[in-house]
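A closer look at the structure
Chain residues, written in single-letter form:
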Amino acid sequence: MADALHLLGAIHLRGKQPALAVKCLERALGVKQMLEPESLEANPSSWQLGSYLALGSAHLQAGAPKAAAESLELVVKTLQERKGDSSILASAQHSLGSAYRALGQHDQSMQCYQLCLELRESQGDGPQLVSVLNNLGAQAQQLSRFQEAAAFYRRALELERKHLGVEHPASAATLGNLGIVLGQLKDHQGAVRCLEEALQVQEKELGSHPSVACTLHNLGNAFAASGQGTAAADCLLRALRLWQEVQHRGGSCEDIAATLHSLGNVYRGLGDPGSAQRCFRQSLQLREVLLGYEHPDTARTRHCLALGCANTPREALQELQAVLGSLQVSLGSGHPWTLQARADADALSKEDVR
């Protein structure tokens, strides 16, 4: 019975039905524990480790990273002690890295991905390295280690182009991620080149797709950072139209809100405060509903709206002080958004005194 439940759980996991997979795998482990009560914690069998590995993946899919980490930590610890199968250990390390990442434990996540990479490299330089390299790139970005992130993405891109081809959507996605990192490294022209190339492939291979809208959004931001405001507005407007078109296929109101926020900043830079105000207000309306009034993204839009759209400097100052308090709670006093809100509030406070 335990074997049948394990198999059924694996089928549900492959079928993207994580809740059913969790139920089956937990029941399978429960049956096995009744049959072998001493082995589960002290000396789990290979069968049990396989079930725990699958259970960890199912919890991840179900949005329960803490439960996933508990299962996967047992697998990793046991395999390391036994010097077990390196391919299974690599898979467990990769999944555990994803669980830590979802929990916000970014240093631990990075360590897991790096251990996974070492294990995968010992097995050859094949396509199985791509996902861990991309995850390492994303995790390095999260830790603001942008040079490392760029190196990971470049290596992943090289492998994807070798095994999948230059015009494969996966290669384009990695190229787009590299473009974002180059922007974070202040190489704005390099960012634009990568994102334009990624967009060309995605439009050809995917047509109207959420990935295309995402790349248009990122390209718009790259154009804005490079001082090309008109090109930025064009990209963001295209992204906005496409987000609205593909909402039922993976786009979301959150994506629309983010693009409206970016478009508001572009219009403000182009000297069009009326259009900027409309974009910020629409973005704020969506973010307050979707994320809540105190969420950092909501506070960021409130910040931008206060700067350009308040009726008086005193109203702007009051709103910025409220934004500052919100950001200090959610992001801390040293976060760049908090520091910018404080600087803008201080500047307005001095104007008010004068």
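Residues numbered from 1 in each chain as written. Predicted model: local features only at pLDDT ≥ 70, side-chain atom pairs only at ≥ 80, totals over all residues. Heavy atoms only, no water.

An unreviewed UniProt entry lists the chain under the name Kinesin light chain, with Effrenium voratum given as the organism.

**Concerning the overall build of the chain**
Assigned secondary structure in the chain consists of 18 helices and zero strands. Taken over the C-alpha atoms alone, the chain extends approximately 80 × 45 × 35 Å along its principal axes. Looking at the chain as a whole, 45% of its 354 residues qualify as buried. Contacts spanning at least 24 positions in sequence make up 52% of the contacts within the chain whose residues lie at least 6 apart. Of the roughly 17300 Å² that the chain leaves accessible, carbon and sulfur atoms contribute 51%. Placing the 32 positive and 36 negative side-chain charges of the chain at their respective mean positions leaves the two points 1 Å apart. (Helix = DSSP H or I, 4+ residues; strand = E, 2+ residues; numbered from the N terminus. Buried < 20%, exposed > 50% of the residue type's maximum accessible area, 1.4 Å probe, protein only. Contact = heavy atoms within 4.5 Å. Areas by Shrake-Rupley, 256 points an atom, 1.4 Å probe, with all protein chains shown as cover. Lys, Arg positive; Asp, Glu negative; His and termini not counted. Charge placed at Lys NZ, Arg CZ, Asp CG, Glu CD.)

**What to know about the packing of aromatic side chains**
Geometrically, a pair of aromatic rings is defined through the distance of the ring centres and the angle of the planes. One pass over the structure, following the stated rule, counts zero aromatic pairs. One Lys or Arg, arginine 302, reaches over the ring of tyrosine 293 and ends 4.0 Å from the middle of that ring. (Phe/Tyr/Trp six-rings, centres within 6.5 Å; stacked < 30°, edge-to-face > 60°. Lys NZ or Arg CZ within 6 Å of the ring centre and 35° of its normal.)

**So, helix α1 (residues 2-14)**
In this model, α1 (13 residues) spans 18 Å end to end at C-alpha, consistent with the 18 Å of a helix rising 1.5 Å per residue. Taken together, the buried positions of α1 are occupied by Ala2, Leu5, Gly9, Ala10, His12 and Leu13. Seen end-on, α1 carries its buried residues on one side only, within an arc spanning 160°. Positioned one or two residues after α1, lysine 16 has a phi angle of 60°, which is positive. (Expected span 1.5 Å × (residues − 1). Arc of directions from axis to C-beta.)

**Overview of the layout of surface pockets**
Counted as a void, the largest pocket has a volume near 1500 Å³. Around the largest pocket, the lining is made up of 38 residues, and of these His217, Asn218, Asn221, Ser262 and Trp337 lie nearest the centre. At the level of secondary structure, the elements contributing two or more residues to the lining of the largest pocket comprise α10 (169-184), α11 (188-206), α12 (210-225), α13 (229-245), α14 (253-269), α16 (296-309) and α18 (336-353). A per-element tally of the lining of the largest pocket places α14 first, with nine residues. In the lining of the largest pocket, the residues fall into 16 nonpolar, 16 polar and six charged. (1 Å grid on protein atoms, 1.4 Å probe; cavity = no way out; pocket = protein on both sides within 12 Å on 5 of 7 lines; lining within 4 Å. Points joined across faces, edges and corners; volume = space filled by probe spheres on them. Nonpolar A, V, L, I, M, F, W, Y, C, P; charged D, E, K, R; others polar.)

**Some remarks on the UniProt feature "repeat: TPR" (unreviewed entry) in the chain**
The feature "repeat: TPR" (unreviewed entry), as given by UniProt, occupies residues 90-123, 130-163 and 172-205 in the numbering adopted here. Each end of residues 90-123 is marked by a C-alpha atom, and these two atoms are 10 Å apart; helix forms 88% of the span and strand 0%. As annotated, residues 130-163 comprises 91% helix and 0% strand, and the C-alpha atoms at either end are separated by 10 Å. (UniProt positions renumbered as here; feature names shortened; annotations may be inferred.)

**Remarks on the pattern of salt bridges**
A full pass over the atoms with the stated rule returns six salt bridges. Notably, a salt bridge pairs glutamate 167 with lysine 204, separated by 2.8 Å at the nearest N-O pair. Placement of the pair is glutamate 167 in the loop between α9 (146-163) and α10 and lysine 204 in helix α11, with a sequence separation of 37 residues. Residue classification places glutamate 167 among the partly exposed residues on the basis of a relative accessible area of 41%. (Salt bridge = Lys/Arg side-chain N within 4 Å of Asp/Glu carboxyl O.)

**Brief notes about the packing of helix α7 (residues 106-122) against α9**
With their axes 15 Å apart at the nearest point, α7 and α9 run at an angle of 35° to one another. When you trace α7 past α9, the crossing you get is left-handed. Here Met110, Leu117 and Glu121 of α7 lie close against α9, whose contacting residues are Glu148, Phe152 and Arg155. In terms of residue class, the contact of α7 with α9 is built from three nonpolar, no polar and three charged. (Axes fitted to C-alpha atoms, helices over the stretch in contact; angles between N-to-C directions. Left-handed = near helix turned anticlockwise from the far one by under 90°.)

**Here we look at a nonpolar patch on the surface**
A contiguous nonpolar patch, built from Leu7, Leu8 and Ile11 and spanning about 260 Å² of accessible area, is present on the exposed surface. One can find isoleucine 11 in helix α1. (Patch = residues over 30% accessible without salt bridge, like charges linked within 9 Å, V, L, I, M, F, W, Y side chains within 5 Å.)

**A few points about the packing of α10 against α11**
Interhelical geometry of α10 versus α11 gives an angle of 160° and a closest axis separation of 8 Å. In terms of axis orientation, α10 runs roughly antiparallel to α11. Crossing geometry of α10 relative to α11 is assigned as left-handed. Facing Pro169, Ala172, Ala173, Leu175, Gly176, Leu178, Gly179, Leu182 and Gly183 of α10, the residues of α11 in contact are His188, Gly190, Ala191, Cys194, Leu195, Glu197, Ala198, Val201, Gln202, Glu205 and Leu206. Residue composition of the contact of α10 with α11, grouped by class: 12 nonpolar, six polar and two charged. (Parallel < 35°, antiparallel > 145°, perpendicular 65-115°, else oblique.)

**Considerations on the environment of isoleucine 180**
Within the element layout of this structure, isoleucine 180 appears in helix α10. Judged by relative accessible area, which is 28%, isoleucine 180 ranks as partly exposed. On a C-alpha basis, the gap between isoleucine 180 and valine 192 in space is 8.9 Å, while along the polypeptide they are 12 residues apart. Contact partners of isoleucine 180, with chain neighbours within four places excluded, come to Gln141 and Asn218.

**Quick word on the side chain of serine 95**
In this fold, serine 95 is placed in helix α6 (residues 86-102). Those residues in contact with serine 95 that sit more than four places away from it in its chain are Ser57, Leu60 and Leu72.

**Overview of unusual backbone geometry**
The phi dihedral of lysine 16 is positive, around 60°, even though this residue is not glycine. The class of lysine 16 is exposed, set by a relative accessible area of 62%. Positive phi values are uncommon outside glycine, yet serine 144 reaches one of about 60°.

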